Amino acid sequence: KKGTTILKDNGLEEAGLDAWLLLEYKTGKNRAYYFAHGDEPVSDETAAEYLTLIDRRAGHIPVQQLTHQAFFMGYEFYVNENVLIPRQDTEVLVEEALNYVRSGMDILDVCTGSGCILLSVLKLGEKKCRGILHGTGVDLSREALQVAEENAGRLQVEATFLHSDLFAEVQGQYDMILSNPPYIEKAVVETLEEEVRIHEPRMALDGGEDGLDFYRKITAESVQYLRKGGRLLFEIGYDQGEAVSALMKEHFAEVRVIQDLAGLDRVVSGVYCG
């Protein structure tokens, strides 16, 4: 109750939920346990550590950065301040990619961040096709790549991670290229809520003046790294479907826009015909 009050006083809309999540994280006991053992005391040390977490959350540090936990596609991922926190919207990209996986595919994830997209496709894709998939993730941030490596180990998925400015260090050909690139307009970044604007990496957010810089670069360069019949899939902002589709139609066929559960444009997919 004290945690909830502190968070409310600092303007956090999900104060009650956040207070519970941090309490469960700190004690290792879920909410059902509290309902059954509500009179069980905690140590002064645990209480003090919990209130320290509450104070940090009151400063609008995301819960996931405090707990180093983010859940995506049914898996728990390690996150910190060096990577974008996985969002449920991004699961649409993974689900669409899983429609096309087949054994032996080589998959490249550009702007891999925490590795959540690539590792989820590899983990779930190998179960689906009952074969082996080969995955490579690239990112400009060395710190992000360390997080991706950590997640690969935790999920027991084999993947290669490469420090590269988009395709600069990439070699070889791929059957599928995935990307959730920075796509927020530069001016809009300054208007985002504090916990995103201040506490998540700006390089994972800023997509240039019109938000399309990375779509232009990746679309144009990807054709050098896709096999004939290979597929390029992007996550996009809700209002970017038409613009990104137009970019892709210069090089790709069967360009489609896929919507999320809210009915908003979320993924664009196309096939490279060579």
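In short, a report on the structure.

Definitions and cut-offs
- Residues numbered from 1 in each chain as written.
- Predicted model: local features only at pLDDT ≥ 70, side-chain atom pairs only at ≥ 80, totals over all residues.
- Heavy atoms only, no water.
- Core = buried A, V, L, I, M, F, W, Y, C linked by side-chain atoms within 4.5 Å.
- Buried < 20%, exposed > 50% of the residue type's maximum accessible area, 1.4 Å probe, protein only.
- Helix = DSSP H or I, 4+ residues; strand = E, 2+ residues; numbered from the N terminus.
- Contact = heavy atoms within 4.5 Å.
- Phe/Tyr/Trp six-rings, centres within 6.5 Å; stacked < 30°, edge-to-face > 60°.
- Lys NZ or Arg CZ within 6 Å of the ring centre and 35° of its normal.
- Pairing = 2+ DSSP bridges.
- Right-handed = clockwise from strand over helix to strand, strands pointing away.
- Arc of directions from axis to C-beta.
- Axes fitted to C-alpha atoms, helices over the stretch in contact; angles between N-to-C directions.
- Parallel < 35°, antiparallel > 145°, perpendicular 65-115°, else oblique.
- Left-handed = near helix turned anticlockwise from the far one by under 90°.
- Nonpolar A, V, L, I, M, F, W, Y, C, P; charged D, E, K, R; others polar.

## Side note on the nonpolar core
In terms of nonpolar packing, the biggest core is built from 31 residues, with Phe167 and Ile177 touching the most fellow members. Those elements that provide at least two residues to this core are β3 (106-110), β6 (174-179), α11 (213-222), β7 (226-235), α12 (241-248), β8 (252-259) and β9 (265-272). Leave out the neighbours within four places in its chain, and Phe167 touches Leu108, Val110, Ile177, Ile218, Glu221, Ser222 and Tyr225. In this structure, Met73, Leu93, Val94 and Ile258 belong to the second largest nonpolar core, which totals 30 residues.

## Describing the packing of aromatic side chains
Pairs of aromatic rings are described using the distance from one ring centre to the other and the angle between the two planes. All told, the structure shown has seven aromatic pairs when counted by the stated rule. Measuring from centroid to centroid gives 4.9 Å for Phe167 and Tyr225, while their planes differ by 5°, and the two rings are stacked. Linking Phe167 in the loop between β5 (160-163) and β6 with Tyr225 in the loop between α11 and β7, this pair joins segments that are 58 residues apart in sequence. Considered together, Phe167 and Tyr225 belong to a single accessibility category, that of buried residues. Each ring, one from Tyr215 and one from Phe234, has its centre 5.0 Å from the other, and the planes form 85°; the classification is edge-to-face. Here Tyr215 is found in helix α11, whereas its partner Phe234 is found in strand β7, with 19 residues between them in sequence. Judged by relative accessible area, which is 0%, Phe234 ranks as buried. Members of the aromatic cluster, joined through ring pairs, are Trp20, Tyr33, Tyr34 and Phe35. The ring of Tyr100 has Arg231 lying over it, and the distance from NZ or CZ to the ring centre is 3.7 Å.

## A closer look at the pairing of strand β4 (residues 134-139)
The element β4 is extensively covered by neighbouring structure, given that five of its six residues are classed as buried. Relative to β4, β3 is paired through five bridges, and the arrangement is parallel. Within β4, the position partnered with Leu108 by the bridge is Thr136. Assessed by its sense of winding, the connection that carries the chain from β3 through helix α7 (residues 116-129) to β4 is right-handed. For β4 and β5, the ladder comprises four bridges, and the chain directions are parallel. Its bridge partner being in β5, Thr136 is matched across the sheet by Thr160.

## Considering the side chain of Gln65
Checked against the element boundaries, Gln65 lands in helix α5 (residues 63-67). In contact with Gln65, other than residues within four places in its own chain, are Asn80, Glu81, Ile85, His199 and Glu200.

## Regarding α12
Among the residues making up α12, those that are buried are Gly241, Val244, Ser245, Leu247 and Met248. Seen from one end, α12 has its buried residues packed into an arc of 160°, which puts them on one side. Contact partners of the buried residues in α12: α11, β7, β8 and β9.

## Some thoughts on the packing of α11 against α12
It is at 9 Å that the axes of α11 and α12 come closest, and there the two elements cross at 25°. By the angle between their directions, the pair α11 and α12 is classed as roughly parallel. As for the relative orientation of α11 and α12, their crossing is right-handed in sense. Taking contact as the criterion, the partners of Tyr215, Arg216 and Thr219 in α11 are, on α12, Val244, Leu247 and Met248. Across the contact of α11 with α12, the residue classes break down as four nonpolar, one polar and one charged.

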